[in-house]
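Next come the chains, spelled out residue by residue.
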Amino acid sequence: MTVQLHTLPNGFRIVTEHMPGLASASIGIWIDAGGRHERLDQNGIAHFLEHMAFKGTKRRSALQIAEEIEDVGGYINAYTSRELTAFYARVLKADVPLALDVISDILLNPIFDPAEIEVERGVILQEIGQALDTPDDVIFDWLQERAYPEQPLGRTILGPTERVSQFARHDLSEFVADHYGPERMILSAAGAVDHDTIVRTAEALFGHLAPQPAFTQVDATFQSGERIELKTLEQAHFALGFEGPGYRDDAIYTAQIFSTAFGGGMSSRLFQEIREKRGLCYTIYAQTGAYAETGMTTIYAGTSAEDLSELAGLTMDELKRSADDMTPAEVARARAQMKAGLLMGLESPSSRAERLARMVSIWGRVPDLEETISRIDAVTTGDVREFAAGMITGAAALALYGPVEKAPRLDDLRERLAA
């Protein structure tokens, strides 16, 4: 398998990886424009644009966009994150040109029909309502809000109902004009693809785009805070976040290994102590996420109101212990889980295309898998213990949702950690 990267004169980047023996390919365009690139009055517009991409172009109706891909057995979709928006398709080898033509059409020629905007507005408002009715989804938005208050990175991707209700055609066009420049686009393809052919096609489709002025991104600052929402639910939901490294920081590998060992699987400390030994919950885990300049290690659990205080206290105790006695065996297991997850995930062209785009966005290149694995292997038990110790004394954010009247607050958890 060969990774090839090419940049057009206007800054548009094309990265491909041919995977021998495959009859299909995944191809898409990743744009460095997500929730954190919105002004306050635009919150939710990047996600709204993702929806509108499939609602018609100058060449195709919304139905034709769906039919042309599905007529050949393909699949097309999109997603919005806080840092990226992606439009991608999975098709057979012969239909790669079609997929690229459709994706380029929805990006370059949207019509933003006012009638379709109203239809999709209703869909998005339903999506927001569904998210608010899903406690173990919305609690992470609240945690993000408390960790990065009054900052773009702390805002919900979907946006608040009052703003989504007001977006008009000119708002969508303005965001595209400001952020969908060629130097912020990455065409990524993996599977049964030919690099030279895709480069020629991309040059014909995107080579005419003029570069845009650089976007000035303000670094986010992690802050301590808490959000408590009382509601009559079956379970109390608990999410605790600690400041972590950004994805360009080598410490991200240590953070990921720590969260895997601490709460990333059935053999992890949290799962074994809180669920298996004590039966205090059904779901509990830890995970690490990262952005360009910051990140967060999060602990989540759902439990009964009666058990929440005990669960939270024991979790703090385990966190303290991990800084002192995390074992080489636990770290080795976490390293193995990370490496296996990485390699297994890259057996599909969709995962490959995603990784290629993310690596080019982050590094401007695609590191060899061996380089990534060597960085994982370089993390020592001492590194993990030191990371845990630093995390305990650093900034933290807390979100609680449900019957949480008697739940410990952030100051209570800090006292438990300091005891």
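Remember, predicted model here, so these are calculated numbers, not experimental data.

Undergrad: Go over the pairing of strand β5 (residues 85-92), please, and point to the residues and values.
TA: The buried count for β5 comes to six of eight residues, which makes it a mostly enclosed element. With eight bridges joining them, strand β3 (residues 24-31) and β5 adopt antiparallel strand pairing. Paired with Trp30 across the two strands is Ala86, which belongs to β5. Bridging between strand β4 (residues 75-80) and β5 involves six bridges; their strand directions are antiparallel. In the sheet register, Asn77 faces β5, and the bridge partner there is Tyr88. Between the end of β4 and the start of β5, which pair antiparallel, lie four residues.

Undergrad: Which residues make up the sheet that holds strand β11 (residues 396-402), and what values do they have?
TA: Paired through backbone hydrogen bonds, the strands of a sheet run either parallel or antiparallel to each other. Taken in spatial order, the five strands make up an open sheet running β7-β11-β8-β10-β9, and their pairing is mixed. Each edge of the sheet is formed by a strand with only one pairing partner; in this case those strands are β7 (225-230) and β9 (283-290). Across this sheet, the average inter-strand angle for adjacent strands is 10 degrees, counted without regard to direction. Taken together, the nine bridges between strand β8 (residues 236-244) and strand β10 (residues 295-303) define a ladder with antiparallel strand orientation. Within β10, the position partnered with Glu243 by the bridge is Met296.

Undergrad: Let's hear about the environment of Leu40: which residues, and what values?
TA: For Leu40, the location among the structural elements is in the loop between β3 and α1 (45-52). Using a relative accessible area of 48% as the deciding quantity, one classes Leu40 as partly exposed. For the pair Leu40 and Arg169, spaced 129 residues apart in sequence, the C-alpha separation works out to 18 Å. Apart from the residues within four sequence positions on either side, Leu40 is in contact with Arg155 and Arg163.

Undergrad: Could you give me a rundown of the side chain of Ser268, with the residues and numbers involved?
TA: Relative to the helices and strands, Ser268 is located in the loop between α9 (251-263) and α10 (269-277). Its relative accessible area of 2% is what places Ser268 among the buried residues. Sequence-distant contacts of Ser268, that is, excluding residues within four places in its chain, are made with Thr260, Ala261, Phe262 and Gly263.

So, how was this worked out
- Residues numbered from 1 in each chain as written.
- Predicted model: local features only at pLDDT ≥ 70, side-chain atom pairs only at ≥ 80, totals over all residues.
- Heavy atoms only, no water.
- Buried < 20%, exposed > 50% of the residue type's maximum accessible area, 1.4 Å probe, protein only.
- Helix = DSSP H or I, 4+ residues; strand = E, 2+ residues; numbered from the N terminus.
- Pairing = 2+ DSSP bridges.
- Axes fitted to C-alpha atoms, helices over the stretch in contact; angles between N-to-C directions.
- Contact = heavy atoms within 4.5 Å.

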